[in-house]
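One-letter residues, chain by chain:
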Amino acid sequence: MTVKVSVKDLHKSYGDNEVLKGINLDVQENEVVVMIGPSGSGKSTFLRTLNKLEEPTSGEITINGSNLLDPKTNLNKIRENIGMVFQHFNLFPHLTVLQNVMLAPTELKKADSSEAKKEALDLLDQVGLREKADAMPAQLSGGQKQRVAIARALAMKPSIMLFDEPTSALDPEMVGDVLAVMKDLAEKGMTMIVVTHEMGFAKQVADRVVFFADGYIREQGTPQEVFDNPQDPRAKDFLDKVL
Ligand code: ADP
Ligand code: MG
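So, a few notes on the structure that sits alongside this text. (Residues numbered from 1 in each chain as written. Chains lettered and ligands numbered in written order. Predicted model: local features only at pLDDT ≥ 70, side-chain atom pairs only at ≥ 80, totals over all residues. Heavy atoms only, no water.)

1. Observations regarding empty space enclosed by the protein
The full count for this structure, using the stated rule, is one cavity of 30 Å³ or more. Its boundaries defined by the atoms lining it, the largest cavity holds a volume of some 30 Å³. Taken together, V101, M102, P105, A116, E119, A120, L123 and A155 make up the lining of the largest cavity. For the lining of the largest cavity, the secondary-structure elements that each account for two or more residues are α3 (97-108) and α4 (113-126). (1 Å grid on protein atoms, 1.4 Å probe; cavity = no way out; pocket = protein on both sides within 12 Å on 5 of 7 lines; lining within 4 Å. Points joined across faces, edges and corners; volume = space filled by probe spheres on them. Helix = DSSP H or I, 4+ residues; strand = E, 2+ residues; numbered from the N terminus.)

Right under this line is the structure:
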């Protein structure tokens, strides 16, 4: 087994607010880890430390064998390898769907533009939006925008995908299409860490469910273990409210 992400004793404080209090987590290649937990428990902060959008206070993070916190590590290279999808999609409003998906590979990798275009169209196929290639983001529904955002992240050919509540801002009828794209990606073998409140998705797709509370991982296991027989009282309490 190959460890894609290894986190050891990770701490993160904002001023005197200690948000992460010693997180340990290894994610294997092809593994889908779903992170659940109450609002404010540090889930987003944790995801953001994994590509150094946030500077950890202490601890170790290893991505694909590279030490993220070593100043000699090529951070841009690591970031190209980690796709990230947030709650708010932030497509470039003045670019078409196709241009949004092609932008990073064309600019950063200097990919040949006809090749980048072919790959972008294939990705739009994968998320079910090839016919929207020439549309502007404003013409899309929230769920369609989020699927474009996923295609855009995949365009850099990442080997790890991070999702931070990708469906939380969507109307309920859009959620299923986005989750279906994520499930398809998981089935294709993508290594994924997904923060979500979609417990059905967690049960169906997660290899492991990790419960965060108060800056600690309080519980983890298979979906069955965590959902059917939680041991930590906070996890029990949280699951009673959301299930
Ligand atoms: P979650 O994603 O689980 O809801 P967050 O990681 O967003 O939790 O937030 C955890 C805590 O960190 C909260 O108390 C929040 O106010 C604080 N926090 C998050 N980002 C910042 C920031 N940039 N500056 C100061 N405090 C922050
Ligand atoms: Mg969050």
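2. Observations concerning the site of ligand 1
Every residue near ligand 1 is listed here: Y14, N17, V19, P38, S39, G40, S41, G42, K43, S44 and T45. The separation between a nitrogen atom of ligand 1 and a polar side-chain atom of Y14 is 3.4 Å. Between ligand 1 and the protein, one listed contact pairs an oxygen atom with a backbone N or O atom of G40 at 2.7 Å. Coverage of ligand 1 by the protein amounts to 59% of the 570 Å² it exposes when considered alone. Of all the secondary structure elements, the ones that give two or more residues to the shell around ligand 1 are β2 (17-28) and α1 (43-49). In terms of residues, the shell around ligand 1 owes the most to one element, α1, which gives three residues. Grouping the amino acids of the shell around ligand 1 by side-chain chemistry returns three nonpolar, seven polar and one charged. (Near = heavy atom within 4 Å. Polar contact = N/O pair within 3.5 Å; in protein donor to acceptor, adjacent residues only side chain to side chain. Areas by Shrake-Rupley, 256 points an atom, 1.4 Å probe, with all protein chains shown as cover. Nonpolar A, V, L, I, M, F, W, Y, C, P; charged D, E, K, R; others polar.)

3. Some points on the environment of V148
For V148, the location among the structural elements is in helix α5 (residues 142-154). Separated by 48 residues in the primary sequence, V148 and N100 have C-alpha atoms spaced 8.0 Å apart. The contacts of V148, once residues within four sequence positions are left out, are L91, V97, V101, L129 and L140. (Contact = heavy atoms within 4.5 Å.)

4. Digging into the nonpolar core
By size, the foremost hydrophobic cluster in this structure holds 54 residues, and its most contacted members are I36, L124, I150, M161, F163, M182 and M192. In terms of residues, this core owes the most to one element, helix α6 (residues 172-187), which gives eight residues. When near neighbours in sequence (up to four residues on either side) are disregarded, F163 contacts L47, V85, I150, M182, L185, M192, I193, V194 and V195. Counting residues in each nonpolar core, the second largest holds 25 residues, with V7, L10, V27 and L50 among its members. (Core = buried A, V, L, I, M, F, W, Y, C linked by side-chain atoms within 4.5 Å. Buried < 20%, exposed > 50% of the residue type's maximum accessible area, 1.4 Å probe, protein only.)

5. Observations concerning the packing of aromatic side chains
A complete count under the given rule lists two aromatic pairs for this structure. Considering the side-chain rings of F46 and F212, the 5.6 Å spacing of their centres and the 50 degrees angle between planes classify their relative orientation as tilted. Of this pair, F46 sits in helix α1 while F212 is found in strand β9 (residues 208-213), placing the two residues 166 residues apart along the sequence. Since its relative accessible area comes to 0%, F46 is described here as buried. We classify F212 as buried; its relative accessible area is 0%. Aromatic side chains F211 and F238 sit 5.5 Å apart centroid to centroid with 45 degrees between the ring planes, which places their arrangement in the tilted category. Here F211 is found in strand β9, whereas its partner F238 is found in helix α9 (residues 233-242), with 27 residues between them in sequence. Here the two residues F211 and F238 agree in accessibility, since each one is buried. The ring of F227 has K203 lying over it, and the distance from NZ or CZ to the ring centre is 5.4 Å. (Phe/Tyr/Trp six-rings, centres within 6.5 Å; stacked < 30°, edge-to-face > 60°. Lys NZ or Arg CZ within 6 Å of the ring centre and 35° of its normal.)

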